[in-house]
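Notes for the structure review
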Amino acid sequence: NRTQATLVPSDDLRDRLHTRGFHNVRVLSRGVDSQLFTPERRSPALRARWGVSADDLAVVYVGRLAPEKNTDLAIQAYRAMQQLDPSPKFSKLGKFILVGDGPLAARLQKDHPDLIFCGVQTSEPLAAHYASADIFLFPSQTETFGNVTLEAMASGLAVVAYDYAAAKMHISDKKTGLLVPYGDAAAFINTAVELAGEPQLLSQLRCQARTYAARLSWPYTVEQFESLLLDTSDHASNQLVLNSQTVNI
């Protein structure tokens, strides 16, 4: 509280800090490199390695394989999606690809040998893994922001996520992605299943997610930061003037 401003990446975190007595909390959201994360990096060769045909759905999760990321729920949602009858557009649900590593990796690979575990990916290979999928499942409940949400949207994926952090800030439900009430595991599973059975909605979400995320460039974020700095500087200068006047009086 001695600062002119404390910057946080999301409205949720700002509100949580307010309830704990923090003042002068300002939101500085994050950007996404939409030239790196783009649908243009979709790779038929990578999908073929996954065993996914051009018309099949590929589901992806990107993040740590750890309890706090709720990866078990993502797998439960995928299993429920597998029970769907093939839709007119998609001949079958393809694979579930998990990108990342963590303390649950060994156990998950042992329990789910049919899933594809790609380990940690970075830069262009990471971007290709995003773009080569169709649906992004992100059931984490412990994010301060969640950069992967914007990366998935910029890559042209339909995102299913809880209604908080980056998803709450940047997803318009049923327009640029699908939002689920925070902590409602059953709703998360049902939403994922419904999306897999609605190819037209899926196509719309993917297109609109990309269009939205492409505007959230890092230069735009830097401009926001500059504006916050100038505003804070002006406020501090005015306060110094007031303090000086008080001393003179």
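**Some remarks on the overall build of the protein**
Within the protein, the regular secondary structure consists of 10 helices and eight strands. With the C-alpha coordinates aligned to their principal axes, the bounding extent of the protein is approximately 80 × 35 × 30 Å. Here the protein, with 249 residues, has 46% of them falling under the buried criterion. A total of about 12,600 Å² of accessible surface is found on the protein, and carbon and sulfur atoms cover 52% of it. A gap of 2 Å separates the mean positions of the 24 positive and 26 negative side-chain charges of the protein.

**A word on the sheet that holds strand 7 (residues 158-162)**
Sheet architecture is open: six strands sit in the order 5-4-3-6-7-8, paired in parallel fashion. The sheet is open, and its two borders are formed by strand 5 (116-119) and strand 8 (178-180), each paired with just one other strand. For this sheet, the mean inter-axis angle between neighbouring strands, taken without regard to orientation, is 20 degrees. Here strand 3 (residues 57-62) pairs with strand 6 (residues 135-138) via two bridges, running parallel.

**Brief notes about the packing of aromatic side chains**
What the rule picks out here adds up to eight aromatic pairs. Ring centres of Phe37 and Tyr130 lie 5.5 Å apart, and the angle between their planes is 85 degrees; on these two criteria the pair is classed as edge-to-face. Residue Phe37 is found in the loop between strand 2 (25-27) and helix 2 (44-50), and its partner Tyr130 is found in helix 5 (residues 123-131); the two are separated by 93 residues along the sequence. Classification of Tyr130 as buried rests on a relative accessible area of 0%. These aromatic residues form a ring-pair network of at least three members: Phe37, Tyr61, Tyr130, Phe136 and Phe138.

**Some words on helix 9 (residues 199-213)**
Residues spaced three or four apart along an α-helix point in a common direction, a consequence of the helix completing one turn every 3.6 residues. The terminal C-alpha atoms of helix 9, which comprises 15 residues, lie 21 Å apart, in line with the 21 Å expected from a rise of 1.5 Å per residue. When helix 9 is considered as a whole, its buried residues turn out to be Pro199, Leu201, Leu202, Leu205, Ala209, Tyr212 and Ala213. Each buried residue of helix 9 sits inside an arc of 160 degrees when the element is viewed along its axis, so together they form one side. Residues of helix 9 that are exposed and point over 90 degrees away from its buried face: Gln200 and Cys207.

**Describing the environment of Val62**
Mapped onto the secondary structure, Val62 falls in strand 3. Since its relative accessible area comes to 7%, Val62 is described here as buried. Between the C-alpha atoms of Val62 and Val99, which are 37 residues apart in sequence, the distance is 4.7 Å. Ignoring sequence-local partners within four residues, the contact set of Val62 consists of Val99, Leu126, Tyr130, Phe136, Phe138 and Val148.

**Some words on the side chain of Ser155**
Here Ser155 shows up in the loop between helix 6 (147-154) and strand 7. Take Ser155: its relative accessible area is 0%, and that puts it in the buried class. Residues contacting Ser155, with those up to four places away along its chain left out, are Phe37, Thr38, Pro39, Tyr130 and Ala131.

**Some remarks on the pairing of strand 4 (residues 93-99)**
Burial runs high along strand 4: five of the seven residues are buried. As paired elements, strand 4 and strand 5 share three bridges and run parallel to each other. Among the inter-strand pairings, Val99 is bridged to a residue of strand 5, identified as Gly119. Read from strand 4 through helix 4 (residues 105-111) to strand 5, the crossover connection turns out right-handed.

**Comments concerning a nonpolar patch on the surface**
Together, Leu7, Phe225 and Leu229 line one region of the surface with nonpolar side chains, adding up to about 250 Å² of accessible area. If you trace the backbone, Phe225 turns up in helix 10 (residues 218-248).

**Description of the pattern of salt bridges**
All told, the structure shown has 12 salt bridges when counted by the stated rule. Here Arg107 and Asp72 are joined by a salt bridge, their closest N and O atoms 3.0 Å apart. Separated by 35 residues along the polypeptide, Arg107 in helix 4 and Asp72 in helix 3 (residues 71-82) bring together distant segments of the chain. What makes Asp72 partly exposed here is its relative accessible area of 29%.

Rules behind the numbers
- Residues numbered from 1 in each chain as written.
- Predicted model: local features only at pLDDT ≥ 70, side-chain atom pairs only at ≥ 80, totals over all residues.
- Heavy atoms only, no water.
- Helix = DSSP H or I, 4+ residues; strand = E, 2+ residues; numbered from the N terminus.
- Buried < 20%, exposed > 50% of the residue type's maximum accessible area, 1.4 Å probe, protein only.
- Areas by Shrake-Rupley, 256 points an atom, 1.4 Å probe, with all protein chains shown as cover.
- Lys, Arg positive; Asp, Glu negative; His and termini not counted.
- Charge placed at Lys NZ, Arg CZ, Asp CG, Glu CD.
- Pairing = 2+ DSSP bridges.
- Axes fitted to C-alpha atoms, helices over the stretch in contact; angles between N-to-C directions.
- Phe/Tyr/Trp six-rings, centres within 6.5 Å; stacked < 30°, edge-to-face > 60°.
- Expected span 1.5 Å × (residues − 1).
- Arc of directions from axis to C-beta.
- Contact = heavy atoms within 4.5 Å.
- Right-handed = clockwise from strand over helix to strand, strands pointing away.
- Patch = residues over 30% accessible without salt bridge, like charges linked within 9 Å, V, L, I, M, F, W, Y side chains within 5 Å.
- Salt bridge = Lys/Arg side-chain N within 4 Å of Asp/Glu carboxyl O.

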